[in-house]
There are 2 protein chains.
Amino acid sequence: MKRLNRSYFPGSERVPVIRALDRVTAAPVYAAISSPHFHAAAMDGFAVKALDTFGAGPDRPIRFQVGANAWPVNTGRLVPEAANAVIMIEDVHFISEEIFEVERAVVPWQHVRRVGEDFVASEMILPAHRRITAYDQGALLAGGISAVEVVEQPSVTLIPTGTELVPVESLGRRAPAPGETIEFNTVMLASLVERVGGRAIRTEIVEDTFDSIRAAIKEAAQSDAHLVVVNAGSSAGSEDYAAAAIRDLGEVLVHGVAMMPGKPTILGIVDEKPVIGNPGYPVSAVLSFELFGLPTLELMLGLPHRSRPTIPVRSARKIPSKLGREEFFRVKLGRVGDRVVAAPLPRGAGSITTLTKADGIIRIGPLVEGVDMGAEVNVELLRDPLDIERTVVIIGSHDLTLDVLADELGSRGLFLSSSHVGSLGGLLALKNRTSHLATSHLLDVETGEYNWSYIRRYIPEIPVKVIRCVSREQGFIVPKGNPKGIKGFEDLIRDDVTFINRQSGAGTRVLLDYHLDRLGIDRSRIKGYELEEYTHTAVAAGVLSGVADVGMGVLAAAKALDLDFAPVATEEYELVIPEEFFADEKIQALLEVLRSDRFKRRVAELGGYGVENTGMEVTPRPMSR
Amino acid sequence: MKRLNRSYFPGSERVPVIRALDRVTAAPVYAAISSPHFHAAAMDGFAVKALDTFGAGPDRPIRFQVGANAWPVNTGRLVPEAANAVIMIEDVHFISEEIFEVERAVVPWQHVRRVGEDFVASEMILPAHRRITAYDQGALLAGGISAVEVVEQPSVTLIPTGTELVPVESLGRRAPAPGETIEFNTVMLASLVERVGGRAIRTEIVEDTFDSIRAAIKEAAQSDAHLVVVNAGSSAGSEDYAAAAIRDLGEVLVHGVAMMPGKPTILGIVDEKPVIGNPGYPVSAVLSFELFGLPTLELMLGLPHRSRPTIPVRSARKIPSKLGREEFFRVKLGRVGDRVVAAPLPRGAGSITTLTKADGIIRIGPLVEGVDMGAEVNVELLRDPLDIERTVVIIGSHDLTLDVLADELGSRGLFLSSSHVGSLGGLLALKNRTSHLATSHLLDVETGEYNWSYIRRYIPEIPVKVIRCVSREQGFIVPKGNPKGIKGFEDLIRDDVTFINRQSGAGTRVLLDYHLDRLGIDRSRIKGYELEEYTHTAVAAGVLSGVADVGMGVLAAAKALDLDFAPVATEEYELVIPEEFFADEKIQALLEVLRSDRFKRRVAELGGYGVENTGMEVTPRPMSR
């Protein structure tokens, strides 16, 4: 059986210390000179022989003559050989230009940094396998070391495969055609390699055939690469070719790991070098490489594996997972009260923004069947823990103004984590203490009042304040030019019309159902009623891409995608804030943003929003009867 | 009054996404295309119209013809316009080459990643002020963004001043002469600038005169630098010139801050640009720049200030500090039992290795007078918290073999924190549970046995094991050729001989005092008896540099500095390990190292060490009488 050959691991090279930041020492480094390497004054004053001061006192001052038995020195300068102590300038009394008196004896080596005070020539300054810091550069130079032996940067060849792929370099020249996928996995992997201290080489895109993939792997394994990574396109075909090619050239050790995403990972050896077959979906590609590729590079660098720091959190929702495989959930984090809560992001391995938006990753092991809502679980942090303390957690109804809010909070150093589970879900999150505030637009059709009756019904025990965010136009989102001529709810049951819906619990769904009931329209006759989306934008995207002919949502979503819109109602979109969080400085900053002209102007530019009452508190109407 | 001009802050520039890692977005980035931007198969199989499958069942299969109403698709590929669902390859039953049956209806959009599933064209991919990660690069490219507007890197001009300074570039050509100091502060500052995302320019060394310092600051302020840093030499003179020059050119806002080290910091403005006058001692230079320079750069980049993560620790010793100023103590950290303990490193601002060795920094505020031993205090981490869990904490007697031990543990991914407080101090640290083990060589002169009688006397309540580390030769360390002809303890009281001592509690000091008492030698007659050092190496360095004519220590220390040695005694240097830590895997790894041939060979090479019994357990002799 062929195995890894450590002689193919990176060797070492000599680099100037001034360019050695973040490199890894290949061997211990010993001081060439002591630090300091001469007896140096630690104060400004006069260097003297300590013995000459013995017997001095306030009534028996001893005289010194500059140049004869006393020499002026500044901090850091050489103490003359004849001297072994420094008297501070403040402690001498000049009698004449050249003569001064001292009234107190000094001990030998007072105010002198003696040779080797920090370290002595031949002492070890840095151990082997140390990632060199800014401080280390200083210590090396202090020790007279101008160049240092470091581990050569491991070189990683990244081979993108997939006939549907087009190179990132083509971007900016033309938009990718339908069916063409921009190859960016190797860009991400290259950055991960770079961050850990390796060098990445991205090859040309290789087409999905056994022969071309085999040839690319062979060439890479015979080059001076220390690690070869074949990054399958999203097509399963190329993964199969990769495994077959590795088997043909060497040995496949592992094909398929019990992780999700990342299952199709291949670990193999070709020409005694490690070869990784990486899955094609971007999230899978990254997570698999972090799990198998980065530790390989750390091993080559002689560094211990750096796992991410973890903290305990509470899950804001139930997270189901399958037995028999380790699942990786990307989550948003925020501190709510005395605990950090984790809101899971979508699972799709194709959704790279689930990583860009994630604050952490929850791993659920193969022997565990998911995590209950509110259960404690460890999360691996992707961000600075302080950012989590600076995050406002919103759970509730989706609106496009939340993006503006996030952006404005960002310029104040705060972050927004918003999960879109609908208005009712938002109120329930407050009940479960998993968010700082809910966004909601639940209309009580009896009274025409928003939110208060639902608050009284669902979270009567939680004292809250309600703040108006925006009033917004809801209506039908239709393709440009409204080709099917949709004007009212009656059109939704037409044979030639497909609808796209919002999930139950969403205020927009409540609004739709209210009107359907009012008009006596049978829901089961609406084609697509069961096709549910979680945001206004997703509904608009469904219309844009031809999935549906019409959906319900806000004007801004239609406008953003250049679609047409037929208004149905104007409604109030509000923030429901528990009183316990109201004084929190993050919430106060959010309200400040909300009340700013800048925010209102940006929101108005989105279209379909009223900002007259934005930021105002809304109190419940007096109960009639 | 002149103030900062924000229009001199960094602007923005457009960079290719593939080179944008770690840059900071200057504005929100919106998707140019949706992701995916076409309906893509999420599985390998056949694309069909969902409607065509309606009514299918096990007893009522529906037939499809490839190319007519079904099209083969691989994961990630385009779903033809005529289709709106994908049937997995596993779920079709081929009747002939071109005909297959399905036995189950599929819903529209099954196994299809619809356009915009991750995000829709026009949606925000990244907010402003975001440091771009590897994942972010992927998301940008997925959104069709090939170049991104980022904040220009702030440019920092670093001006080293000090006539005693020589450039690092001169190193390697010649050793610095006495009185010459290698200028490395700006190298460290440049690396700190680089780490936070700025660009640093190190100017030539400027001599210590008002005119040349003024001219250098003026030139830098008028250049395109965004921040100017004058790094004083260690001479106080240059600091004074820096303040005067800044005042002459602009305004000094702050001169002197209540911090230690770092007191002489100057903050000023010249030509509406920030100018920092940095103190000269390397530790002061770094700490002051981290406190004032880095936040300035973060502000310019539009990033929130990243303070270091902190954890609560227990102080292994009393740390005295002065009221009225904030003191920064560098500490070693390690987990001992259920708490992390902090052992303070030396305070000297000239000792750069107090930063390279530090695991963290304890700040003691101006209103607090030090920290008691065992008190809880917060520490700012300089290292990965996991490293702390991997650290063996040794407190006790110094020996050069500890460096070898540290190096060997390092190649196993473990770290060693050793504090040298003498053998007795080591036993007391065990009592206080601030270390995993003590190093000790305390001879009971009555019995000739090492350590056990002291263990019984000082830590009777702690069950320990004693492991032999090395036997070593103690003796007189004297200059090469032994010019003063020192042969025995009687020579120490000669008029022409100066001694250098170890601190009380050190085993070597106990050995010295034992022999002085035995011979009836009056300690007060030994010149230099009161000059105490904490390590063998420091004693040897004192002899090498002429501070003393003789000191007591181990042969290896003399050999390391090429000094001569007159042996006095052979003694046993042992590890005292509480039984509660004995099974700890770090301790077991340490014992494995100790017992390895490699360790013994390396120790033997140091000279003066016996390794016959290295790694063996030493049990107490049966009590006689």
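A quick note: this is a predicted structure, and the numbers were derived from the prediction, not measured.

Peer 1: I'd like a rundown of the relation of the copies chain A and chain B, residues and numbers included.
Peer 2: Under the fitted operation, chain A is carried onto chain B by 0.0 Å of movement along the axis and a turn of 180°, and the coordinates agree to an RMSD of 0.1 Å. On this basis, the relationship between the two copies can be described by a two-fold rotation axis. Most of the interface of chain A is mirrored in chain B: 100% of its interface residues are interface residues there too.

Peer 1: Account for the packing of aromatic side chains, naming residues and giving values.
Peer 2: In total, this model carries ten aromatic pairs over all chains according to the counting rule given. On the basis of an interplanar angle of 70° and a centroid distance of 5.0 Å, the ring pair of F476 of chain A and F489 of chain A is categorised as edge-to-face. Residue F476 of chain A is located in strand β32 (residues 464–478), and its partner F489 of chain A is located in the loop between β32 and β33 (499–502); the two are separated by 13 residues in the primary sequence. You can call F476 of chain A buried: its relative accessible area is 1%. Ring geometry for F46 of chain B versus F100 of chain B: centroids 4.7 Å apart, planes at 40°, classification tilted. Residue F46 of chain B is located in strand β4 (residues 45–48), and its partner F100 of chain B is located in strand β9 (residues 99–102); the two are separated by 54 residues in the primary sequence. The class of F46 of chain B is buried, set by a relative accessible area of 6%. Put simply, the rings of F46, F64, F94 and F100 of chain A touch in pairs and so form one group of aromatic residues. Looking at K273 of chain A, its charged tip hangs above the ring of Y8 of chain A, at a distance of 5.7 Å from the centre. In this structure, R457 of chain B packs its charged tip against the face of Y454 of chain B, placed 5.2 Å from the ring centre.

Peer 1: So what's going on with the confidence of the model for chain A? Residues and values would help.
Peer 2: For chain A, the mean per-residue pLDDT works out to 92, and 98% of the residues sit at or above 70. For this predicted complex, the interface confidence comes out at an ipTM of 0.91, alongside a pTM of 0.91.

Peer 1: Help me get a handle on the packing of helix α8 (residues 401–410) of chain A against helix α16 (residues 597–606) of chain A, residues and values and all.
Peer 2: Residue and element names in this part refer to chain A. Relative to each other, α8 and α16 sit at 145°, their axes nearing to 10 Å. Crossing of α8 over α16 shows right-handed handedness. Residues T401, V404, L405, D407 and E408 of α8 touch α16, and the partners they reach there are R598, F599, R602, V603 and L606. For the contact of α8 with α16, the per-class residue count stands at five nonpolar, one polar and four charged.

Peer 1: Outline the interface of chain A and chain B, listing residues and values.
Peer 2: With 104 residues of chain A at the interface, the matching set in chain B holds 105 residues. Both sides of the chain A and chain B interface together cover about 8,200 Å² of buried area, and 59% of this is carbon and sulfur. The largest share of the area that chain A buries against chain B comes from Y135, L141 and T356 of chain A, three residues that together contribute 9% of it. Here chain A and chain B share twelve salt bridges between them. Its salt-bridge partner being D22 of chain A, residue R195 of chain B comes within 2.9 Å of it at the nearest N-O pair. Where chain A touches chain B, the interface holds 32 residue pairs in polar contact (both at pLDDT 80 or more). Every element with two or more residues in the side of chain A that touches chain B is listed here: α1 (134–142), β15 (181–183), α2 (185–196), α5 (282–301), α6 (353–356), α7 (385–389), α8 and α12 (536–544) of chain A. Ranked by residue count, the leading element in the side of chain A that touches chain B is α1 of chain A, at eight residues. Residues of the side of chain A that touches chain B, tallied by class, amount to 47 nonpolar, 29 polar and 28 charged.

Peer 1: Describe α2 of chain A, and please don't skip the residues or the numbers.
Peer 2: Residue and element names in this part refer to chain A. When the terminal C-alpha atoms of α2 are compared, their 17 Å separation across twelve residues agrees well with the 16 Å that a helix rising 1.5 Å per residue should span. Of the residues making up α2, those classed as buried are N185, T186, V187, M188, L189, A190, S191, L192, V193 and V196. Positioned one or two residues after α2, G197 has a phi angle of 110°, which is positive.

Peer 1: Lay out the pairing of strand β7 (residues 85–88) of chain A with the relevant residues and their values.
Peer 2: All names here are of chain A. Side-chain alternation along β7 places A85 and I87 on one buried face and V86 and M88 on a second face that is also buried. With four bridges connecting them, strand β4 (residues 45–48) and β7 associate as antiparallel partners. If you follow F46 over to β7, its bridge partner there is I87.

Peer 1: Give a detailed account of the packing of α8 of chain A against helix α15 (residues 585–595) of chain A, specifying residues and quantitative values.
Peer 2: Residue and element names in this part refer to chain A. At a closest axis distance of 10 Å, the pairing of α8 and α15 adopts a crossing angle of 115°. Classified by the angle their axes make, α8 and α15 are roughly perpendicular. For the crossing formed where α8 meets α15, the hand is right-handed. Contacts between α8 and α15 involve L405, E408 and L409 on the former and, on the latter, A589, L590, V593 and L594.

Peer 1: A description of the pattern of salt bridges should follow, citing residues and the corresponding values.
Peer 2: Residues and elements named next belong to chain A. Tallied over the full model, the rule gives 96 salt bridges over all chains. Across the pair K431 and E461 runs a salt bridge, and its minimum N-O distance is 3.4 Å. Taken together, the positions of K431 in helix α9 (residues 422–431) and E461 in the loop between α10 (452–458) and β32 put the pair 30 residues apart, joining distant regions of the chain. K431 gets classed as partly exposed once you look at its relative accessible area, which sits at 39%. The exposure class assigned to E461 is partly exposed, which follows from its relative accessible area of 46%.

Peer 1: Which residues make up the sheet that holds strand β5 (residues 62–65) of chain A, and what values go with them?
Peer 2: Residue and element names in this part refer to chain A. The strand order across the open sheet built from three strands is β5-β9-β8, with neighbouring strands paired in antiparallel fashion. One side of each edge strand has no neighbouring strand; the edge strands of this open sheet are β5 and β8 (93–94). Here β8 runs beside strand β9 (residues 99–102); their pairing, made up of two bridges, is antiparallel. What sits directly across from F94, in β9, is F100.

Peer 1: Outline the environment of A557 of chain B, supporting the account with residue identities and numerical values.
Peer 2: Residue and element names in this part refer to chain B. Here A557 is to be found in helix α13 (residues 555–560). With relative accessibility at 2%, the residue A557 sits in the buried group. Along the primary structure A557 and L126 are separated by 431 residues, whereas in three dimensions their C-alpha atoms are 58 Å apart. Among residues more than four places away in sequence, those in contact with A557 are L400, I477, H536, T537 and A540.

Peer 1: Run through the environment of G370 of chain B, naming residues and quoting values.
Peer 2: All names here are of chain B. Within the fold, G370 resides in the loop between β25 (360–364) and β26 (376–381). Taking the C-alpha atoms as reference, G370 lies 20 Å from G425; in sequence the two are 55 residues apart. Ignoring any residue separated from it by four or fewer positions in sequence, one finds G370 in contact with I319, P320, S321 and I364.

Peer 1: I'd like a description of the side chain of S288 of chain B, backed by residues and values.
Peer 2: Residue and element names in this part refer to chain B. With respect to the helices and strands, the residue S288 is situated in helix α5 (residues 282–301). Looking at S288, its side chain comes within polar contact range of the side chain of N278, at 3.4 Å. Apart from residues no more than four positions distant in its own chain, S288 is found in contact with M259, T265, N278, P279 and G293.

Peer 1: Give a detailed account of unusual backbone geometry, specifying residues and quantitative values.
Peer 2: Between S35 of chain A and P36 of chain A the backbone carries a cis peptide bond, its omega angle lying at -10°. The phi angle at D271 of chain B is positive, at roughly 50°, despite the residue not being glycine. Positionally, D271 of chain B belongs in the loop between β20 (266–270) and β21 (273–278). Look at E272 of chain B: it is not a glycine, yet its phi comes out positive at around 65°. Residue position: E272 of chain B is located in the loop between β20 and β21.

Definitions and limits used
- Residues numbered from 1 in each chain as written.
- Chains lettered and ligands numbered in written order.
- Predicted model: local features only at pLDDT ≥ 70, side-chain atom pairs only at ≥ 80, totals over all residues.
- Heavy atoms only, no water.
- Least-squares fit on C-alpha atoms with pLDDT ≥ 70 in both.
- Contact = heavy atoms within 4.5 Å.
- Phe/Tyr/Trp six-rings, centres within 6.5 Å; stacked < 30°, edge-to-face > 60°.
- Helix = DSSP H or I, 4+ residues; strand = E, 2+ residues; numbered from the N terminus.
- Buried < 20%, exposed > 50% of the residue type's maximum accessible area, 1.4 Å probe, protein only.
- Lys NZ or Arg CZ within 6 Å of the ring centre and 35° of its normal.
- pLDDT = per-residue confidence, 0-100.
- Axes fitted to C-alpha atoms, helices over the stretch in contact; angles between N-to-C directions.
- Left-handed = near helix turned anticlockwise from the far one by under 90°.
- Nonpolar A, V, L, I, M, F, W, Y, C, P; charged D, E, K, R; others polar.
- Buried area = accessible area lost by both parts, 1.4 Å probe.
- Salt bridge = Lys/Arg side-chain N within 4 Å of Asp/Glu carboxyl O.
- Polar contact = N/O pair within 3.5 Å; in protein donor to acceptor, adjacent residues only side chain to side chain.
- Expected span 1.5 Å × (residues − 1).
- Pairing = 2+ DSSP bridges.
- Parallel < 35°, antiparallel > 145°, perpendicular 65-115°, else oblique.

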